[in-house]
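Residue-level listing of the chains:
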2 protein chains.
Amino acid sequence: MNKQVFSSELLETAVSELSKMPSIGRKTALRLVLHLLRQSENDVEILGNALIDLRKNITYCHICHNISDVEVCEICSNKQRDSQTLCVVESIKDVISIENTQQYRGLYHVLGGVISPIEGIGPSDLEIESLIQRLKSGQITEIILAFSATMEGDTTAFYIYRKISEYGIAVTTIARGVAVGDALEYADEITLGQSIINRVNYKTK
Amino acid sequence: MNKQVFSSELLETAVSELSKMPSIGRKTALRLVLHLLRQSENDVEILGNALIDLRKNITYCHICHNISDVEVCEICSNKQRDSQTLCVVESIKDVISIENTQQYRGLYHVLGGVISPIEGIGPSDLEIESLIQRLKSGQITEIILAFSATMEGDTTAFYIYRKISEYGIAVTTIARGVAVGDALEYADEITLGQSIINRVNYKTK
């Protein structure tokens, strides 16, 4: 399809700006923009300013590097949480995912990426040095490495494992296995193999 | 899935505002917002302001009711276009679609909807009166009714046809038929039937 041409500059600008976002093409952007035109001026202003304010005012917790509105995030400053356990993740998205499980009460450390020689991301580009500083403070007794099961995730886990072995802290990693609700026959062999090796005692809820 | 909870108010506001848009759920909104956080402050400001400016400053051509930056839109004020032919459409989206075909050089009239008793939209809610005023001015010799092939589209076409029959203007409607590239066997019977009834002389390009 040819690039659509609009009779309005304002429309053109809004559509082309929106379509810079991932998975939003010009057709989708146009549909969204036409939707916005049917909303009140005030509603659109709230949306626009929400995006601008977010980008302008967001800060990252200077302890765990999670997204935050204040210097020390809600999780780090929460005295109810287990400050002896630290879960190391790639991005803030992972923090949100793990928080949603409501199964973890410890603290986090967001690396801001994983080691990826192909994309030119080395250990020094990540928050690994600050992780080690946190460990040196002595409170932490267990580190959970929670990365995606990719080459980059595994590399990062191994790098950190080597780096921190001298501190005598327990290092664990999240379990790999057949997903809840998945049929065995569709699980890939490596996952299924891992789930057999790392089998756990059967328990009823 | 439970509603995701974010540690940041700014993040929460941005996600919930974005997810008010059609076909954007909270998961997609979060992905878009995290994308925006990786962009420069300036880029996000441009996006936010593009949406706000569009809604605040957009006007509709007071002749054809198409979207426009000025009082009379580019199409209406273009002297090169055929001012004797008027294509009546439901929405500005249809103007964009027809303009993209580059097959039409006449003018438009945007109704702002179609007659739909179910949704409580009657003729007086649409730009039908202003259409008749345009016809009375006497320049127009042909009207093309270009509505979707739905009950509402057909009703609207019939209503307008009855209303304007007294002015002695040719009334046509866009051809219904098997879409270019579609296999005959998959065309529905009504469409295929229409395409036989309205067959045209064979011509080679």
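These numbers were taken from a predicted model, which means no experiment stands behind them. (Residues numbered from 1 in each chain as written. Chains lettered and ligands numbered in written order. Predicted model: local features only at pLDDT ≥ 70, side-chain atom pairs only at ≥ 80, totals over all residues. Heavy atoms only, no water.)

1. Focus on the overall build of chain A
Here is step 1 of the chain: Check the secondary structure of chain A and you find seven helices and six strands.
Here is step 2 of the chain: Each helix (α) and strand (β) of chain A, taken in turn from the N terminus, gives the series α-α-α-β-β-β-α-β-α-β-α-β-α.
Here is step 3 of the chain: Along the first, second and third principal axes, the C-alpha atoms of chain A reach 65 × 45 × 40 Å.
Here is step 4 of the chain: By sequence separation, contacts in chain A at least 24 residues apart represent 47% of the contacts at least 6 residues apart. (Helix = DSSP H or I, 4+ residues; strand = E, 2+ residues; numbered from the N terminus. Contact = heavy atoms within 4.5 Å.)

2. Some words on the sheet that holds strand β4 (residues 106-110) of chain A
By definition, the strands of a sheet pair up through backbone hydrogen bonds, in either a parallel or an antiparallel sense.
All names here are of chain A.
Here is step 1 of the chain: Judged by pairing direction, the sheet is parallel, and its four strands sit side by side in the order β4-β3-β5-β6 without closing on themselves. Every interior strand has two partners, whereas the edge strands, β4 and β6 (170-173), have only one. Adjacent strand axes in the sheet meet at a mean angle of 25°, parallel and antiparallel pairs treated alike. (Pairing = 2+ DSSP bridges. Axes fitted to C-alpha atoms, helices over the stretch in contact; angles between N-to-C directions.)

3. Let's talk about the pairing of strand β5 (residues 142-145) of chain B
Strand residues, when the strand is regular, have side chains that alternate between the two faces of the sheet.
All names here are of chain B.
Here is step 1 of the chain: Bridge count for strand β3 (residues 82-89) against β5 is four bridges, and the pairing is parallel. Looking at the pairing, L86 lines up with I143 of β5.
Here is step 2 of the chain: Once you follow β5 into helix α6 (residues 151-164) and on to strand β6 (residues 170-173), the crossover reads as right-handed. (Right-handed = clockwise from strand over helix to strand, strands pointing away.)

4. Overview of the sheet that holds β6(B)
Residue and element names in this part refer to chain B.
Here is step 1 of the chain: Read across the sheet, four strands follow the order β4-β3-β5-β6 without closing on themselves; strand pairing throughout is parallel. Of all the strands in the sheet, just β4 (106-110) and β6 have a single pairing partner and so form its edges. Between one strand and the next, the sheet's axes are offset by a mean angle of 25°, whatever the strand orientation.
Here is step 2 of the chain: Alignment of β3 against β4, held across five bridges, turns out to be parallel. If you follow D82 over to β4, its bridge partner there is G106.
Here is step 3 of the chain: Lying on the sheet, helix α4 (residues 92-101) is in contact with β3 and β4; it crosses β4 at an angle near 160°.
Here is step 4 of the chain: Along the sheet face, helix α5 (residues 128-136) touches β3, β4 and β5 and points at about 150° away from the line of β4.

5. A few points about the packing of helix α5 (residues 128-136) of chain A against helix α6 (residues 151-164) of chain A
All names here are of chain A.
Here is step 1 of the chain: As a packed pair, α5 and α6 sit with axes 11 Å apart at the nearest point and diverge in direction by 40°. When the axis of α5 is compared with that of α6, the two are oblique. You can see that α5 and α6 cross each other, and the crossing is right-handed. Contact residues: I128, L131, I132 and L135 in α5; Y159, I160, K163 and I164 in α6.
Here is step 2 of the chain: When its residues are assigned to classes, the contact of α5 with α6 shows seven nonpolar, no polar and one charged. (Parallel < 35°, antiparallel > 145°, perpendicular 65-115°, else oblique. Left-handed = near helix turned anticlockwise from the far one by under 90°. Nonpolar A, V, L, I, M, F, W, Y, C, P; charged D, E, K, R; others polar.)

6. Thoughts on the domain arrangement of chain A
Here is step 1 of the chain: Along its sequence, chain A is carved into domain 1 (9-57) and domain 2 (72-204).
Here is step 2 of the chain: For domain 1 of chain A and domain 2 of chain A, the distance between their C-alpha centres works out to 36 Å. (Domains from an automatic or database assignment.)

7. Quick look at the side chain of T85(B)
Here is step 1 of the chain: Among the structural elements, T85(B) can be located in strand β3.
Here is step 2 of the chain: T85(B) sits in the buried class, given a relative accessible area of 11%. (Buried < 20%, exposed > 50% of the residue type's maximum accessible area, 1.4 Å probe, protein only.)

8. Side note on the packing of aromatic side chains
Here is step 1 of the chain: With the rule as written, the count across this model stands at two aromatic pairs over all chains.
Here is step 2 of the chain: Look at Y104(A) and Y108(A): their rings are 5.2 Å apart centre to centre, the planes differ by 65°, and that puts the pair in the edge-to-face class. (Phe/Tyr/Trp six-rings, centres within 6.5 Å; stacked < 30°, edge-to-face > 60°.)

9. Focus on the relation of the copies chain A and chain B
Here is step 1 of the chain: After a rotation of 180° and a shift along the axis of 0.0 Å, chain A superposes on chain B with an RMSD of 0.1 Å. In the structure described here, the two chain copies are related by an operation that fits a two-fold rotation axis. Within chain A, the C-alpha atom positioned nearest to the axis of rotation is that of G48(A), 2.0 Å from it.
Here is step 2 of the chain: Comparing contact sets, 100% of the residues at the interface of chain A also lie at the interface in chain B, consistent with an isologous, same-surface contact. (Least-squares fit on C-alpha atoms with pLDDT ≥ 70 in both.)

10. As for the environment of E71(A)
Residue and element names in this part refer to chain A.
Here is step 1 of the chain: Relative to the helices and strands, E71 is located in the loop between β2 (67-68) and β3 (82-89).
Here is step 2 of the chain: Taking relative accessible area as the criterion, E71 reaches 57% and is therefore assigned exposed.
Here is step 3 of the chain: Spatially, the C-alpha atoms of E71 and C61 are 5.2 Å apart, while their sequence positions differ by 10 residues.
Here is step 4 of the chain: Those residues in contact with E71, other than ones at most four positions away along the chain, are Y60, C61 and H62.

11. Topic: the packing of helix α2 (residues 26-38) of chain A against α4(B)
Here is step 1 of the chain: Running from N to C, α2(A) and α4(B) cross one another at 150°; their axes reach a closest spacing of 11 Å. Classed by the angle they form, the pair α2(A) and α4(B) counts as roughly antiparallel. Between α2(A), through L30(A), R31(A), L34(A) and L37(A), and α4(B), the contact on the second element is made entirely by I92(B), K93(B) and I96(B).
Here is step 2 of the chain: Residues that form the contact of α2(A) with α4(B) fall into these classes: five nonpolar, no polar and two charged.

12. Re a positive patch on the surface
Here is step 1 of the chain: A cluster of basic side chains, namely K27(A), R31(A), R38(A) and K93(B), defines a positive patch on the protein surface.
Here is step 2 of the chain: Ranked by residue count, the leading element in the positive patch is α2(A), at three residues.
Here is step 3 of the chain: Position of K93(B) among the secondary structure elements: in helix α4.
Here is step 4 of the chain: Relative accessible area serves as the criterion here: at 34%, K93(B) is assigned to the partly exposed category. (Patch = residues over 30% accessible without salt bridge, like charges linked within 9 Å, V, L, I, M, F, W, Y side chains within 5 Å. Areas by Shrake-Rupley, 256 points an atom, 1.4 Å probe, with all protein chains shown as cover. Salt bridge = Lys/Arg side-chain N within 4 Å of Asp/Glu carboxyl O. Lys, Arg positive; Asp, Glu negative; His and termini not counted. Charge placed at Lys NZ, Arg CZ, Asp CG, Glu CD.)

13. Structural notes on the interface of chain A and chain B
Here is step 1 of the chain: Each side of the interface is counted separately: chain A has 55 residues, and chain B has 55 residues.
Here is step 2 of the chain: Interface of chain A and chain B: buried area, both sides summed, is about 5,200 Å²; carbon and sulfur atoms make up 71% of it.
Here is step 3 of the chain: By the criterion of area lost to chain B, the three top residues of chain A are L10(A), L37(A) and R55(A), representing 13% of everything that side buries.
Here is step 4 of the chain: Along the contact surface separating chain A from chain B lie two salt bridges.
Here is step 5 of the chain: In this structure, K56(A) and E45(B) form a salt bridge, with 3.7 Å as the shortest nitrogen-oxygen distance. (Buried area = accessible area lost by both parts, 1.4 Å probe.)

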